[in-house]
Structure formats: structure tokens, C-alpha cells
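This is what each chain is made of:
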Amino acid sequence: MRDLVHAPNATHVHIVNEGMGPSHLFNIEWGRLDALPKHPEMSSKLAEYLPDSRKSEVEELCQRESHGTDLVMCIHGPAGIGKSTLAGHLSDRFRAAGRLAASIFLSAFRTDTTSPEAIIKMAAREIGMLHRRAIPKIVEAMDQCHGASLETHLQKYIIEPLRSLEQPNPLIIIIDAMDEWLDHPLFIKALASLHSQSRIVKFILTDRLNPCASHLPGIDSISIYTYALGPIRKEVIKAFFQKHLDTVPWVDGRMAHLADIEKLTDLSGGLPVWAATVIALLSHHFSDSPPHVILEEIIGSRRQVGDSERLAELYSKVLARPFPLPEDRKWLRRYLGATVVLQEPLSLSDFEVLSGIRRHLIERIQFSLSALQTRYPPTGSETMVHPASAVFHLSFLEYVQAKTTESSFSVSAFDSHSTLGLACIKQLLSLPSSASHPRGHQWYVVKYWLIHVSKGTPRPKDEWIQTEHCRIFQRITAEVRRKWAKLFIEGAMPGYGVVWTADQEDDVVSALFGDMASFLRLLFNDMVSLLMSMVDQMAEGGGSGQECWGLQVACLEVAVRIDDSDDEVWMRLGELYREGGDRTGSLLKYEEALVASRRALDLRSDLLHPGRADALNAVATALKDCYGQNGNTELLNEAASLYREGLNLRLAPHPDRPRWLNNLANTLLIIYKCGGGIETLKEAKSLYREALALCPAPHPDHPLSLGNLANALVYLHEHDGGIETLNEAISFLRKALALCPSPHPLRPSCLNNLASALLSLCKHDVDVRSLHEASSLYREALVLFPAVHPKRSLSLNNLANALLSLYKRDGEIRTLNEAISLYRESLGLLPAPHPDRPISLNNLANALLSLYKCDKNIRTLNEGISFYREALALYPTLHLRRPTPLNNLSLALLSVYAREGGVGALVEVVSLRRERLALSPAPHPEHLSSLNSLADALKSLYSRNGSIGTLNEASSLYREVLTLYPTTHPSRSMCLNSLADVLSSRYKLDGSVGTLNEAILLYCEALALRPAPHPERHSSLNNLAHALISLYNCDDDLATLNEAISRWWEALALLPAPHFDRPATINNLAVALKTLYDRDDKIETLTKAIALHHEALSLCPASHPDRPGCLNNLANALLSLCRRKYCSKTFGGASQIGLGLARHLQQANRSVLFGSRAGRGMDGFTWVPFDWDDASTYENAFKREDAIKPIESVYILPSTSIDPLPQVTPFIDLAIEKGVKRFVLISASDLPKGGPAMGAVHGYLEKIALEKRGSVDYVALRPTWFIDNLAREQFKVLLREHDEIVTPLPKARVPFIAVEDISQAAFDAIVHEGYIDPEDEAKSAPILIGPDLLSYDEVAEILSTALGRPIKHRILSSEEALAQYISFGYPEASAGLLVEAELTLERGAAERLMTSEEFALARKVGKVGVKEYIEKTKGLWLK
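Residues numbered from 1 in each chain as written. Predicted model: local features only at pLDDT ≥ 70, side-chain atom pairs only at ≥ 80, totals over all residues. Heavy atoms only, no water.

**With respect to the overall build of the protein chain**
Counting its regular elements, the protein chain contains 61 helices and 18 strands. Expressed as a percentage of contacts within the protein chain between residues at least 6 apart in sequence, the contacts between residues at least 24 apart total 69%. Counting every atom, the protein chain has about 62700 Å² of accessible surface; 54% of that belongs to carbon and sulfur. (Helix = DSSP H or I, 4+ residues; strand = E, 2+ residues; numbered from the N terminus. Contact = heavy atoms within 4.5 Å. Areas by Shrake-Rupley, 256 points an atom, 1.4 Å probe, with all protein chains shown as cover.)

**Describing the sheet that holds strand β18 (residues 1403-1405)**
With parallel pairing, five strands are arranged side by side in an open sheet as β10-β11-β12-β15-β18. Each of the sheet's edge strands pairs with one partner strand only, and the pair in question is β10 (1193-1196) and β18. Neighbouring strand axes in the sheet, compared pairwise and without regard to direction, differ in orientation by 25° on average. Relative to β18, strand β15 (residues 1327-1329) runs parallel, the two sharing three bridges. Following the sheet pairing, I1329 is matched in β18 by V1405. Contacting β11 (1222-1226) and β12 (1257-1263), helix α53 (residues 1238-1251) runs over the sheet at an angle of about 155° to β12. (Pairing = 2+ DSSP bridges. Axes fitted to C-alpha atoms, helices over the stretch in contact; angles between N-to-C directions.)

**Observations regarding the packing of helix α38 (residues 837-855) against helix α39 (residues 858-874)**
Packed helix pairs are characterised by how far apart their axes lie and by the angle those axes make with each other. Here α38 crosses α39 at 160°, and the two axes come no closer than 8 Å. Classified by the interaxial angle, the pair formed by α38 and α39 is roughly antiparallel. The hand of the α38/α39 crossing is left-handed. Together, R837, P838, L841, N842, L844, A845, N846, L848, L849, L851, Y852 and D855 of α38 and I858, T860, L861, E863, G864, F867, Y868, E870, A871 and L874 of α39 make up the contact between the two elements. Counted by class, the contact of α38 with α39 contains 14 nonpolar, four polar and four charged residues. (Parallel < 35°, antiparallel > 145°, perpendicular 65-115°, else oblique. Left-handed = near helix turned anticlockwise from the far one by under 90°. Nonpolar A, V, L, I, M, F, W, Y, C, P; charged D, E, K, R; others polar.)

**What about the pairing of β12?**
Among the seven residues that make up β12, seven are buried, leaving the element largely enclosed by the rest of the structure. Burial of the side chains of β12 extends over both faces: D1257, V1259, L1261 and P1263 are buried on one face and Y1258, A1260 and R1262 on the other. Alignment of β11 against β12, held across five bridges, turns out to be parallel. Counterpart to L1225 in the pairing with β12 is A1260. Remark: the β11/α53/β12 crossover connection has right-handed handedness. (Buried < 20%, exposed > 50% of the residue type's maximum accessible area, 1.4 Å probe, protein only. Right-handed = clockwise from strand over helix to strand, strands pointing away.)

**Brief notes about helix α18 (residues 440-456)**
Over its 17 residues, α18 runs 22 Å from end to end, which matches the ideal 24 Å to within 8%, given 1.5 Å per residue. Across the 17 residues that make up α18, a large majority, 14, are buried. (Expected span 1.5 Å × (residues − 1).)

**Examining a positive patch on the surface**
A grouping of K763, K808, K853, K856 and R899 is seen on the molecular surface, where their side chains present a positively charged patch. With respect to the element layout, K808 can be found in helix α36 (residues 792-810). (Patch = residues over 30% accessible without salt bridge, like charges linked within 9 Å, V, L, I, M, F, W, Y side chains within 5 Å. Salt bridge = Lys/Arg side-chain N within 4 Å of Asp/Glu carboxyl O. Lys, Arg positive; Asp, Glu negative; His and termini not counted. Charge placed at Lys NZ, Arg CZ, Asp CG, Glu CD.)

**Topic: the pattern of salt bridges**
Inspection of the entire model under this criterion finds 67 salt bridges. For the salt bridge of E1050 with R1017, the shortest nitrogen-to-oxygen distance reads 2.8 Å. Here E1050 is found in helix α47 (residues 1038-1053), whereas its partner R1017 is found in helix α46 (residues 1017-1035), with 33 residues between them in sequence. Taking the relative accessible area as the measure of exposure, R1017 reaches 13% and is therefore buried. A salt bridge links R1062 to E1095, with the nearest nitrogen and oxygen atoms 2.9 Å apart. You can see R1062 sitting in helix α48 (residues 1062-1080) and its partner E1095 sitting in helix α49 (residues 1083-1098), a full 33 residues away along the chain. Given a relative accessible area of 14%, R1062 falls into the buried group. It is possible to trace a salt-bridge network through shared partners that takes in R459, E557, R561 and E592.

**Things to note about the environment of D1317**
Positionally, D1317 belongs in the loop between α55 (1299-1311) and α56 (1321-1324). Since its relative accessible area comes to 28%, D1317 is described here as partly exposed. D1317 sits 68 residues away from A1249 along the chain, and the two C-alpha atoms are 8.3 Å apart. Beyond its immediate chain neighbours, meaning those up to four positions away, D1317 contacts R1253 and S1324.

**As for the sheet that holds strand β3 (residues 171-176)**
Sheet architecture is open: five strands sit in the order β2-β3-β4-β1-β5, paired in parallel fashion. At either margin of the open sheet sits one strand with a lone partner, and together these are β2 (100-105) and β5 (224-228). Across this sheet, the average inter-strand angle for adjacent strands is 15°, counted without regard to direction. Here strand β1 (residues 72-76) pairs with β5 via five bridges, running parallel. Across the sheet, H76 pairs through a bridge with A228, a residue of β5. Set on the sheet, helix α2 (residues 55-67) makes contact with β1, β3, β4 (201-207) and β5; between it and β5 the angle comes to about 175°.

**Considerations on unusual backbone geometry**
Following A652, the chain continues to P653 via a peptide bond in cis, the omega torsion being 10°. Tracing the sequence through the fold places P653 in the loop between α29 (633-648) and α30 (657-673). Positive phi values are uncommon outside glycine, yet K856 reaches one of about 55°. Within the secondary structure layout, K856 lies in the loop between α38 and α39.

**Remarks on the packing of aromatic side chains**
For the structure on display, the rule yields 24 aromatic pairs. Each ring, one from Y444 and one from Y448, has its centre 4.9 Å from the other, and the planes form 50°; the classification is tilted. Of this pair, Y444 and Y448 both sit in helix α18, four residues apart, which is roughly one turn of that helix. Accessibility assignment for this pair places Y444 and Y448 in one class, buried. (Phe/Tyr/Trp six-rings, centres within 6.5 Å; stacked < 30°, edge-to-face > 60°.)

**What about the nonpolar core?**
The biggest cluster of nonpolar side chains holds 297 residues, and the ones touching the most others in it are F241, W449 and W484. Core analysis: the second largest hydrophobic core is formed by 53 residues, I120, L154, F187 and L191 among them. (Core = buried A, V, L, I, M, F, W, Y, C linked by side-chain atoms within 4.5 Å.)

**Describing the confidence of the model for the protein chain**
A residue-level look at the protein chain finds 89% of positions with pLDDT of 70 or above and a mean pLDDT of 84. Residue range residues 511-525 is modelled with pLDDT below 50. Its contacts to residues more than four positions away, or to other chains, number 34 contacts. Per-residue pLDDT stays below 50 along residues 1123-1134; that stretch engages in 23 contacts with residues further than four places along the chain or on separate chains. (pLDDT = per-residue confidence, 0-100.)

**A closer look at the environment of Q1207**
Summarising the element assignment, Q1207 is placed in helix α52 (residues 1205-1217). Relative accessible area serves as the criterion here: at 15%, Q1207 is assigned to the buried category. Sequence spacing of Q1207 and D1171 is 36 residues, and the spatial spacing of their C-alpha atoms is 9.7 Å.

**So, the packing of α46 against α48**
Their axes nearest at 11 Å, the elements α46 and α48 cross at an angle of 25°. As summarised for this structure, α46 and α48 are arranged roughly parallel, according to the angle between their axes. As α46 packs across α48, the resulting crossing turns out to be left-handed. Residues N1022, H1026, I1029 and Y1032 of α46 form the contact with α48, whose participating residues are N1068, A1072, T1075 and R1079. Residues of the contact of α46 with α48, tallied by class, amount to three nonpolar, four polar and one charged.

**Digging into helix α15 (residues 359-368)**
For α15, the complete set of buried residues consists of L361, I362, I365 and S368. Seen end-on, α15 carries its buried residues on one side only, within an arc spanning 135°. Buried residues in α15 make contact with α13 (326-341), α14 (348-355) and β7 (384-385). (Arc of directions from axis to C-beta.)

**What to know about the side chain of R972**
In this fold, R972 is placed in helix α44 (residues 972-990). Within the local environment of R972, its side chain forms a polar contact with the backbone oxygen of L962, the two atoms lying 3.0 Å apart. Only 3.4 Å separates the side chain of R972 from the backbone oxygen of Y965, close enough to count as a polar contact. Leaving out residues up to four positions away in the same chain, R972 has contacts with L962, Y965, P966, T967, E1005 and L1009. (Polar contact = N/O pair within 3.5 Å; in protein donor to acceptor, adjacent residues only side chain to side chain.)

**Some words on the side chain of D566**
Within the secondary structure layout, D566 lies in the loop between α25 (545-562) and α26 (567-584). One polar contact links the side chain of D566 to the main-chain amide nitrogen of E568, over a distance of 3.1 Å. Setting aside its immediate chain neighbours within four residues, D566 contacts V528 and L603.

**Describing the state of the cysteines**
Summed over all chains, the structure comprises zero disulfides. Left without a disulfide partner, C750 is nearest to the cysteine sulfur of C740, which lies 4.0 Å away. (Disulfide = S-S within 2.5 Å.)

Put into C-alpha cells, the structure is as follows:
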């Protein structure tokens, strides 16, 4: 295929002049360097970078590399997007800047036979060629790394040579096409050892997949930046077509036009491989069709499809033209299939023998496919047939193997392996004698027949015996087996890859298989045993890498086909697949391990079989491995079941019983962590105990068993809060630590585990010594983890946790700052996507929130919240650890709410805690705390929105928590208090004494759980006393009042000065004593109350928020003292209008009777129980035995229901029956007679008055908007704390009326003499307005003048206004009516009441103006 642009070789050796002369090229070190694996020459293989085609991407990547500290940058994108081309360009760019260490293009050579060590050595050779001063260190590595780990190879071959260069900037190693290297997971995992070396080296990798999303083993331990590569810009593709279409050999001048170029550009979708393939099709003479015909056919496809579909359509057209007939396509599929599975290059003649395709057909197919060739084998091998992966682009190979590809071009890897496998078995029959050397294809047969047969035949015996492979295999004689075994040992087995002479043969065979007699028995009698022996010898001979593993698996796959009843073979096959899974993280390999192990277990079904326990262990282990990849907890349950069975086969004193006990217990512990019940944890604990008993000191596993049992006990303590359980765990951990002196490998974990348990103990123990000991242990553990140790970040976190806990005890800010510093260092070692980064973010945020409580710096709080949000973003929706950042973020937002008061923060808190609860269903360990925290948030939200639904949900959640808390749980008392608080709030809504009594019982139970000196006992006493006062207001029982006073005296004794809560408690007690004085009239009671009020006031300086209340309460008590001296009386009313009306009536010597739910209220008036929701209370007003005169007039204030008529009608009828003559109703100016709400009551009164004309009349007062609304609590808070009034009315002008004027109008209606004609609306339905017509902006100006500070009028949308009224406690329907009514003001409805002649007769103008009202009441809004 034509390259986009012909560039310099991306890996061509370019010697950097570092002061060494040419003579050094021939020294010994240079010669040794040349012995390392060499990267293939790339000058003709790599598509060049089109100038500026990726300019913005390149600049962004280079900028990131320059400023970032990530060890790895991974550029990922689909096949054909141009990753390799970009990698080549970056290689050239960094080489020109002197910063390239090496560039490896994995698609340039066979990686399935190349080990990770070889790739590292290849990179080292590139480093030496580019930076000759690094050669001595590379040569040292060659001497020191024999048999060393992959991590050591990276240190010796890469890090140390690059460090010796002392470069100011890190050098770059580029590795392209990581996804085409089967062993790349091992390499990635080993890179974790370099996590702190990004100042010396950085890696740029390309991959089809985002490695973070594909969960490669070890990827979480690497600092990595991923970059998704997108398509190339249209103008670049267009320029490419313009340039290369000019080189196409057009016929008869039929060239591509500008419109064709535009269409091609659109069809390419920005895929460079698509564009390059089109040019190749037009340029190669692979068919009889001229270029313009091919172009027309390509352009004829106008479908807009995805990248893979776009390429598939193009590839289909490419293949259809040279292979139009079914017979042609049959041979094409056979050729493609054979090359897809081909293991190494073959000559044309050898390929002809194995594939069954005639040579002339092979050459014709190769020529026709040349237009699709994107990779070029080494020079000199052009007459060979190469594996398809060495010739074609990966996207083409995916196309021909895709299930969606049309059948005429699709190939099956299984069928192709089957075909080559059958040919190989046939060739085995004609292997040469021992004296003859095998020809090319015979070597291929010897080495790879096992692979093709294993991958191309069915495994089940009943299917295998039906294959031709089986029938031919049965014809293979012992002599052929002998010849094959000898040749296989020569060509495939590590360490024996030499040719021996006939007289050496016996010695070699004896070395491999023991004596000759044993070997002959293997050959003649047992092919399966021979294959097993070869697998063992490959392992013992040092065989490693993907190729060796593949040969071992192939040996055993063929063995189980020959004899599927050999349990040892199945066991070994399962072990190999598990090894493959461990190397690559492949779920598929773990699943194969599970299948093989299950078969071995089936073959060992006899309970007395000596190997059954091993098979059970293999299956259980494979199940746990699969769980680790797919998270299916059902697999864990099955694994536990198998471990139980195995445990029954390993009864004491079997030496393996402790291992089985631990395996089962470990599995049960994982199940518990995934949401298993407490019984699961208890069983794990029991198993750990037994394992410990079987491994007494000085057994080498004794410390580990101690640690395992202690770990289970700590989890048990976290569940039930039992201090004895925790102390036992600490005891075991101390013993384990004593048995692991430095440098014992378990000492660091023993130190950490003991310190962690001591931290848990600190939650129960006020003794700070445990906390200091935990800090000391964590410090020792940290010393054992130097800067490059992978566990250092965890150790830093642990020490910081201990210091944070210590700070919470001693309040020493230096301790907190050290903890924050350690958290920051730990976070720096855990770049995304490290799995521990979210935990580290959470911990740092927690510490910052503690700092915020000290410095009140909003930046500290915001930084903490940003860390919580990042932690939350790193956990996907169903992640097991997501509940933690959800909870912590909600706590931080509560701090925002406390600071700013915005209900939005509180609403988000509820949302976060709902999600946390959904992720923690019972029996999840966090289910209880999730329930409780959501209930707490709803309780707080109720205080803002007043919604009964919110309150009821909180109550329901608290009740559920109480059913789950054991009676001894330390948090039970707090939950009892919270539920009692909610019930107390509900009582204030519904007045139900039953609800109040339940709250009191809960407060009493909570108090019993907090005996002195419990730090929260005083709060329980205070809560109980408040509830008792509420009960006293209902039952008027002096004993209830005295009990409340007693509780407050006890609380006060627990709060010596200067305790923060002492002033409030003193104030509560004083108010209660004042109430008692109102009953017993004892001067000593009043004197005590006044003395306590004085003390409370002295503890509340001018800035204290409770000082105004203290002043008011003291003034009331002193007023009572004055009344006592001068015998004067005072009184009050139930509502603003009702109070004013009562004053007027009392001054006119009229009797007044109030009705309320509680049946009691302010002194000076007579009260009866009355509830609009309870019709049985309606008669109470007419049953009073002390009534001298019958009730003649009724003042009606209906409920806030949207439809009060059904409630009010029965009462009106009853009142008329009892002799009532006049009704005074409070309606509204915008509610027409017969309309909604009070308008309906108005209509009913008119109907009754007309029916009973002369005997019953009414007055429906219809006031406009109250100026007194500004004094309501919700508006008062806005004015006092936020300097604003809020409405949805930017321009409306309103004649505001004062309650004082409405009360006067009500009084006038009550005392009016004579009959009021219902048809005279001026008298029966007056409209009440104030003297001033003002907008809210003008009201704000008057407020500003009166209060001496600017007051603004903030405009709400109608939706915001609705939400505000709902938050004030209005039902949604009522709130909607209010908003609707307000919006009529904007249309001039209220203004017309004052200005229109239509209302002249009915209009009554009050006396109190807005300015006068504000001046009289401005004290309400002063700060």
C-alpha cells in the first residue's frame, strides 16, 4: 500500500555525537551491544506523517509530556486511525530534540515469540546506538541480569544507563502497537516498579484500547495519561487525495475531478488507512478494470457508517473485483485462513504442500492482495508466504474474521487451524529417518502440528473421534512418534535446540526421560505420557514466554483429545491456563482453567481419590480468579462450597488442614465484604480460630494465622461495636508483631494492622495513649517503605489517619498540618487511575475539612469538596467503595449549608445520601449508617421546606435503623433522640398527644443509654425536658411541668461554665420556672427564674446569637414581677387579625371565646379544643357550662386547604342551629364569591343569608395583600440575614393593607347594629385596601431608609416562587394558587382596586400606611 508521505526511517540508527570518535565503534563494548536483539529496519515499512496532519494533537501531547509527571502516556484509538504514523512522527521529533531513548514498533516483527525481556534488551540496544555513553551500563546489565526478574531488567537495561547520561529532561521510549503483543500485560505490570522514575524516562505507548478501561493487571499502579486519538481533519485527507490521485495511471484521460475528491474525503471519515487503501486500489493493476471504474464504484457508496463498517465496505469492494467467481473466492478464503493461523513464514512450495493450494493460485492471490499490503517483511523474503499479521493491517484481519463479514470472504480461525492441522498430521507419517534432515515444511510440521490440531479440533471425546485428524493420528506408529519426539526436542524445547548424532541420541533421551526403557514405553504405549513429559521438560528446561506456554498448552490439549480420562493431564492443563491468566489478566484463560479443573474434578469423583482435594482446590481457585475479573459473587459462593468439601477431606491432624481452613475463611471474608451476612463473617472467624489452633508457635504460619483471625475480629467489631472483640484482635496482633522482628517480611503488615486496630480502640477509649502508640507503629512501618516502595503511599495514609485522630483529641494544629502534608505526599504517589487514589483523595479532603473548622477559610472547604468530587468521579456508579465519597461529600456540603444557608446544598446532600443508601442494601456493613445519615439529612431539610412528606420519610428511616441496632450499640441512643426529634416536629403539625408521648418515651430510652458521665447526657435531658413542656401545654398537669424542670436542673449540673450549651440550658430552665410561677404564684419561683435569666444574659455577650432571646425572656420575667406588685393583667390572641379583633372586643366589654387544636393559648381568654379536621370538636364552643350568654357572632378563619368548604359548611349549619346570627369571614380581594378556597365559603354564606333573610347575615372581608407579611418568619429571615425581599413581581403596584386595619374592619362588622343585606356588597363584601399604592421596589426603598442599610428587591421566576411557598410549608396546590394570585398583581389586579370606579362603593381604605408600619416594626429586621 502507498505510504501517505515518504518519511525518514522511524527507527533508523542516528548516532548522537557525544564526543566519541569513530574508532570506538569497534571496541569490545560496542561489539557486545550488537549482540542484543535488533529492531527490524523500518525505512520502507512505516507510513509517513503528512505535514501538519496532527499538528494540534502533537502540540497537545508534547505540552502534556513537558509539564506532566506521568510515567506513561498512552495514545489509543481504533485500527486505521494512524497511531503508528503518529508514533513515527513523535519518534522523529524527540530524536531531533536529542530526547529519544528508543522506539519499538511491535508490528514490525513476531511478538508471540518475543519475550518481554527481549523487548527490553531491544530498547537497550536502541539506547546504546543513540547515546553511546550509556553503553557501559548496558554491558553491565548483560552481565548481571541472567535469570533476573523483569523489574530488574528494566532497572539495569533502561534506568541505570539513562541515569548515567545525566540528562536535564527525561528521555522518551516509544512503543507502538502494544495490543499486538500478547505479553504486553507482563510488561505493563513491570512498569509499576518505575513509578518514581519519570524524571529519567517516560514511555509513550499506542494501543487500540484505553488500557485503564481494559483493566490490565498492574495498570492501576502506574501513573498514566491516556489520549484518545480521533480522525484526521478533512482538509488533510483532501490534500492527500489531491497529491496522490495525480500519480494514478488513469486511462483515456478519465481522471478524478474535484467533486470526486470531495466525495472521497467525506467517505474516508478521517481514517488514513481508508484513504491509503483507495490510492493503492487505483494504482495497482490487480484487476482488469481501469482506475476510473474502480473510483466510480467506491464513490457510489454514500452511506454514512462507523469506522469499522466504512473499512469493511471498502475491503469488500477490493476483494470482489479480483475474485468475482465463487471458485476464486473459495481459494481466497483458503489462502487467507491459512495465513491468518500460520505460525511462521514458509516458502511457496512448502506452503503449497500444507495448504493444498497450487503454486500459481498462491502467486495470483498474493498479487491481487498486494494492494492491501501495509506491512513489508524483511528484504529477501519476498518469495515466502508470511503470516497475515506480518503483511496486512490489523483492520483487514479483523474484517476477514468478523462474523458480520459476508460468507464469500469470511474465514474461520478454527476451520483454518483444522485444515493445517490435518495436513500436518498427514506429513508426520512421512518424516525422514534419523539420518536424514527434515525439509522446510517438515520442520514446521514437527513444531506446530500440536498447535493447529489443538486449535482446530473439538475437545470432547465423542466429537474428536469423529474427526479425520483422529483417524489419521491412530495410524502413527511408535517409530514415527520417536522420530517426531527427537525432532521436536531439537527444534522446540528450550535448552535442547541442537542436532545430535545417532551415537548421542540415547544420552540425550536419557537426560530428558530417564532410562531408554522408560522412554520406549512412553513412545510405544502412552502418547499422553510422552506429551506430559515434554511439558514438564519445557518447564524444567527454563522455557518461558508466550511461545513456550503456547506449545505446552498445545501438548496438553492434544493429550486430552487422545485420552480425556486422564485427570493428571486435565489438572496440568488447568494450571497452565491459570498461569496464562495470571500473565495477561485474561478472563478467557481463567475460564479455560475452570473448565479443565472441573473435568479433573469429575474424573476424581470418588471421595477416596487421593487427588480429589487438589482438584477441589483447583476449581475453587479458578472460580475466585474468574470472580476477580468479572465480579460475579455467585462464583465465590461455589468456591466456598468446594473449599468446604475439601476441608472435610482434610480432617485433623492432616498437615494441609490449616491451608484449607484459611482458603475457605478468606473466601467467606470476601463474600462478607461483598454484602454477605454477619453469619458469614462469624463462620470465617471460627475457621481462622481453628487454623490458628493447628499452627501453634513456633509453626512458621503462626504469625499469619494470628493476623488472619485478628482481621476477622476487627471486621466483626466494625459490625457490632463490641469492645471485647476488638481487644481480642489487638491481643493477637501484638503476638504476631512479637513473632516478626525486623526484617521479617510480615513485620510491616503486622505494624499496620496493629496500629489500625488501636485506632479503632480510640473510638471507645478516652485514653489517648492508644492513639500515640498507633502513630508510633505507623511511623516505624513508614521507615520500612522507602520512597520507591509501592506500599509507601498506603503507609503515609495510615500515619496521616492516626495523626488526624490524634488532632481530634488534642486539637494541636501542628498535628493536623503534618497529617495534611502526609496525605498530600501519599496522593502524589497515586496518580489516576490508581485504585487507591479515591481513598487518598477522601482522606486528604477529610483533613482539610478539619482544618476548615479551625480557620473557616472558604478556600480550604472548597479544596476539600473538589477532592471529594474527584474521588466520587473515580468510582463508577456500582463500585463497592462509592458510598464512602458520597457520604463524605454530603458532610462537606452540610458545612456549606451551615455557612451560606442555601437550600440547594441541603437538597444535594439528600440526593447523595439516597444514592449511598441504594448502594448499601441490607446486610451491607454501611446499610445502618446510610439509613441514619439520610434520615438526618431529611430532618434538616424539613426544617427548611416544612414538608410533612419529608418528615414522615425521616421518621420511617429512623424506625428502620432502630430495628437493626442491637440494644447495646453505642449509636442507638443518638438514633432514639433523632426519631424523638422528628416525632416532636410532627406533633407541632398534627397536635397528636399520642405522637408526643411516643417521642417522650424515646427520649427516656435514649437517656437511659447515656448514664453520667456520658458526654451527651445533657443533650438528652434537654430534649426530654422540651418534650415534657409540650406535653404540659396539652395536659396542664403540674407533675409534667415539674419533671421538665427537674431534667433541666440535672442538665445544668452537667454543664459547668464556660460550657457552650450552658446559656441555652439556663434559659430553658428559667422559662420553665416562669411557667411554674404562673401556676403556683410563688415569689421564690419567679425569683429563681429571674436570677437564672440574669446568669444566661451574662454568658451571652453582645455578639452572641442567643442574647436577644435572653433579653426578651428576662424582660418578661421582670414584667411578671411588676404585675405582681401592681396587680395589672395582660392577654393575647391566636392570630394577628384574631388578636387585634379580641383586643377591640374586650375593650368594648364583649365576651371572646377562642377555638384551637390544643384547646389552650395565651392567658386572658377562654379557649376550647377546635379542629377543622375533626368535626367532633365543632360543638365544644356551644357546650361550655360557664357560658352566660349564647354565641351570637362567629369570626371564621378557615384552614389553608385548597377547598375548605366541606369542613366549614357543617360548622356554619351547626352554628345557625345554636343561634348564631352573624358570621365574619376572612377571604381575599382576588377570590370572587363562589370561587376557589374562601370564595366558596363566601358563596355558601350568601346562600344561607338569602334563605334566612332577616335572621342570619354575614360580612366577607376581602383584604388585599398584607404589609405584615414582611414580619412573617420566612420573610423576616430574608430581610435580616440577606437584606432582600423576594417576589415574582417586577412592576406590580399594590395597596398594601395592615393587619391592624383588618382587625378594625372585623370589629366593625361584629358590632354593626342592624341587619346586613347580602345583596349590598359594600357592606357584606367590602374590599379592604391600604392608603398607599406601592411597588415592591418602593417598599424596598422605604425599608432601606428605615433600617439604614440597602435592601434589594430580588425577582423570582414563577417556578422559583412556587418552590419558595412550598418550602414555607404551603401544600403544593395552595402554593400554586398564591403564585397565580401574585401574577394577577403584575397584570394590575391590585392596582385597579384603588384606581377603578368599579370598586368605589365596596372599597374601604385603611389608616396605616406602609411607611408608618415599617417605622413601628423595624426592630424585627435589625441585625
